[in-house]
Each structure stands twice: as C-alpha cells, then as structure tokens.
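# Survey of secondary and tertiary structure
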Amino acid sequence: MLSNEQNQSLSSIVGGDTYAWVSQRAWVEINLKALSNNIVQIRKLLQPGTEFMAVVKADAYGHGAVSVAQTALKAGASWLGVATVPEGIELREAGIKAPILILGASYTPEQIQAIAEWQLEPTLCSAKQALIFSDILETINLDSPLRVHLKLDTGMSRLGTHWQNCSEFVQLVVRLPHLNIQSVYSHLATADSPDRTVMDLQHQRFKSAIARIKDVGIEIPRLHLANSAGTLSDKSLHYDMVRVGLAIYGFYPSDHLLSTVDLQPVLQVKARVAHVKTIEQGAGVSYGHTFIASEQMRLAVVGIGYADGIPRNLSNNMQVLVRGVKVPQVGAITMDQIMLDISAIPDVREGEIVTILGSEGNEQITAQDWANQLNTISWEILCSFKHRLPRVNIA
Ligand SMILES: *Cc1c(COP(=O)(O)O)cnc(C)c1O
C-alpha cells in the first residue's frame, strides 16, 4: 500500500493526464505556488517602483523556463533574464510579451537579426560590440531602435567595459541611431559573502560610473546591480531593478541571509522503486562493490541515476526519503538506478514513490544539502537535472 502522503503526491502530479504520469519512473515536480510566493516575499523588500527581473536562464535553473516565466510575471516580475538568444526565443514562442534581457553576450550576426526580429534586449559589453550591432541593424528595416543594455565591469572581471571607461562607451552608443539604451548595469562578484569589502568597493565604482555618465549629460532610464544575494543583503543595491535568480527558486545564496526572507524550495525530485530484494551478508552492491552488506539486508532499487542528474560523487554519501524516513543510498550510483538500504522499512513495495530531493513529513533533503556534501553551490545542483526527467508542474 502507498502511504496517504504518497497517494496524495501521486494524485497531485497525475492531474488530468493520469496515464502519462503513472508510468513515469522518475520526474521533477515544480511547485509554482512556492515560486510565486517566493517572489511575493522578495518583492516586499523592494521600494515601490523598483522593478523585478526573474532570472530564468538555463531553463529557469532547471525548473522549466516557460512555466516559471509565466508564473513569475503573474507574481509581480516585470522583466525576464536569460543567458542566450535561443532561451529568449523560447519564451517569445510561448507568447510571452514581457521585456527579456539577454545577460550573456555572445552573438553571431544571425543571432543579432533574431534579437531584432523577436524583440529581445541584448547586453552590450563594449563599444566594438555596439558598432557590430549597429552595422547589422543598418541592413534591417527596424520599426524602432533596438533596446540595449550596457554592461560595466566593476570588479567581477567577466563581461563589461571597465567602469572607468563608462562615459566613452555610453557616449558612443548614444550616438548610434539604431540602438536605444534601456539600462546600464553591473554584476556583483561576492554579494553572497558576509565580508562586504569587495561588494562595497563594486558599489562605489558603480556609483562613480553613474556620476561620470551624468557628468557627460546622458540620462539612463534604468540602473541595476543586484543579484539574489545583493537583493537580500542591502536595499541600497536595488536601484531601479533587481535581477533575482536563485532566491525565486527557494534557495538562499548564503546562510547569513537566511533571516532576510522566508523562501521555500520550488523543485522536488521523485522516483519510483523498481525492484526490492533481500541480499545476504557479504554481498557487494553495484559497480566496483564499493558497498558490502555487513549483514543480511533489504535493498530497494530506484529508477533514477547519474544520467538523470544525480551526481555520481554522492555514491554511498546521500540519503533518500522513503515513507518520510531518511534511508542511506548504498553502492555506486549507476546511470539509470540507485540502490537504497531499506532494512529499516522492509515492507517497501515495488512501484512506491520516494523523494530524492524535497520533503516528506518533517524530513527534508535539499539541493543545499547536496551542494554542501559535494563542496559546490546549490545553483549547480539545481541546473544538473536532465531533460530525461519530465518536469511536472503542481499547484
Ligand atoms: C545569473 C545572473 C543573475 C542571477 O543571479 P542569482 O545569484 O541566481 O540571483 C543576475 N545577474 C546576472 C548578470 C546573472 O548572470
């Protein structure tokens, strides 16, 4: 028998399309209500009038870009941020009309045409890039100039013109008839650190750049600087818009920001028990026999593996929620399956749903737990789930 909770979670994912989902071996559940609530909570930190960009690059950090974008816009976001041109086109093809900023900056000539055609808004990193855009747009019949965003490097040493050269950059772009500056922005390198030294320095440089631009008599419609960490840590970083990724998905950039806002993880990963068996003392489990049963034990094989995005480095070092109980995963994680020690719950049945990431009852296993275990960040864990796992929107 499935527990009540499992039956419930099954019926919530089954929705109107019962047959399609009951056969799934593993999937990602996306709680759009939690997403919406996270955005509402974060927006409470903003001044009225500060715009909210939901960053939905990388398929919305693995959550499914279109449904996340639609939900975010309903919850009060007015901008969307993507990394690439195809990511922007995907949103436009789904009928999304909101302004879309491309945060990355590698564009082929064909992509520049596509940007104009789909009314996406590119980041320009240099005068040279602005001139290339200008030349290509000259050959296209545009109804209105292309809306562009100028990026300054204030200390991330990634994209952007050095902040000290900002006025030359802005002055050049302002003179180009096919380009219309929508914003000047920069990106913080260390906003998730409790040590504010570098963040404060970047902020000073940003302020100084804005002053230089003002000095040459140019009005910029919109200034923005803050990612999730900047948004949660200091209102003075908000400017005209915040660009929030991680936090809308329910994770904190750092433990020292836990008290700033109440967030709930949006994504859960579920899988089904494929096979249950008893193995004898001394039996080795999985490739390489990295786990040997020290006594007779009950084993559940679950249909999810590293090809679905479970990091193989978690082998023998992760837990899974089975009927609300954390049980250890044993042996090497394989491409399509993992094995669990269910000796504590020997009557687990084939077909039961277990929680790989998420919560059951009072227990929870989060992307942050995996990130800590693997010495990486929750961002990377969220982005690791592959398309073989269907995304199922709940709520
Ligand atoms: C990804 C990205 C963000 C969002 O960062 P989070 O830390 O996930 O909030 C904001 N701005 C830029 C330029 C980005 O590339």
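Before reading further, recall that the structure is shown in the block above.
This text gives an overview of the structure that appears in the document. (Residues numbered from 1 in each chain as written. Predicted model: local features only at pLDDT ≥ 70, side-chain atom pairs only at ≥ 80, totals over all residues. Heavy atoms only, no water.)

Moving on, we get to the nonpolar core. If you look at the biggest cluster of nonpolar residues, it comprises 123 residues, and the most contacted ones within it are Phe52, Leu179, Ile304, Ile356 and Trp370. When residues of this core are assigned to domains, at least three map to each of domain 1 (4-28 + 265-394) and domain 2 (45-257). If near-sequence neighbours (up to four positions away) are discounted, Phe52 is found in contact with Ile39, Ile42, Arg43, Leu46, Gly76, Ala77, Ser78, Trp79, Met241, Val242, Val244 and Ile248. Counting eight residues, the second-largest nonpolar core is a separate cluster that includes Ala293, Met297, Val330 and Met339. (Core = buried A, V, L, I, M, F, W, Y, C linked by side-chain atoms within 4.5 Å. Buried < 20%, exposed > 50% of the residue type's maximum accessible area, 1.4 Å probe, protein only. Domains from an automatic or database assignment. Contact = heavy atoms within 4.5 Å.)

Among the 13 residues in the neighbourhood of the ligand, the closest are listed as Lys57, Tyr61, Ser228, Arg243 and Leu246. Residue Lys57 places a side-chain N or O atom 2.7 Å away from an oxygen atom belonging to the ligand. Residue Tyr61 places a side-chain N or O atom 2.5 Å away from an oxygen atom belonging to the ligand. Protein burial of the ligand: of its 390 Å² of free accessible surface, 93% is covered by the chains. Of the residues contributing to the shell around the ligand, the split by class is six nonpolar, four polar and three charged. (Near = heavy atom within 4 Å. Polar contact = N/O pair within 3.5 Å; in protein donor to acceptor, adjacent residues only side chain to side chain. Areas by Shrake-Rupley, 256 points an atom, 1.4 Å probe, with all protein chains shown as cover. Nonpolar A, V, L, I, M, F, W, Y, C, P; charged D, E, K, R; others polar.)

Take the pattern of salt bridges next. In total, this model carries eleven salt bridges according to the counting rule given. For Asp308, the salt bridge goes to Arg25, with nearest N and O atoms at 2.5 Å. Of this pair, Asp308 sits in the loop between strand S14 (297-302) and strand S15 (319-322) while Arg25 sits in the loop between helix H2 (18-22) and strand S1 (26-31), and the two are 283 residues apart along the sequence. (Salt bridge = Lys/Arg side-chain N within 4 Å of Asp/Glu carboxyl O. Helix = DSSP H or I, 4+ residues; strand = E, 2+ residues; numbered from the N terminus.)

All quantities given are derived from atomic positions and should not be read as evidence of function.
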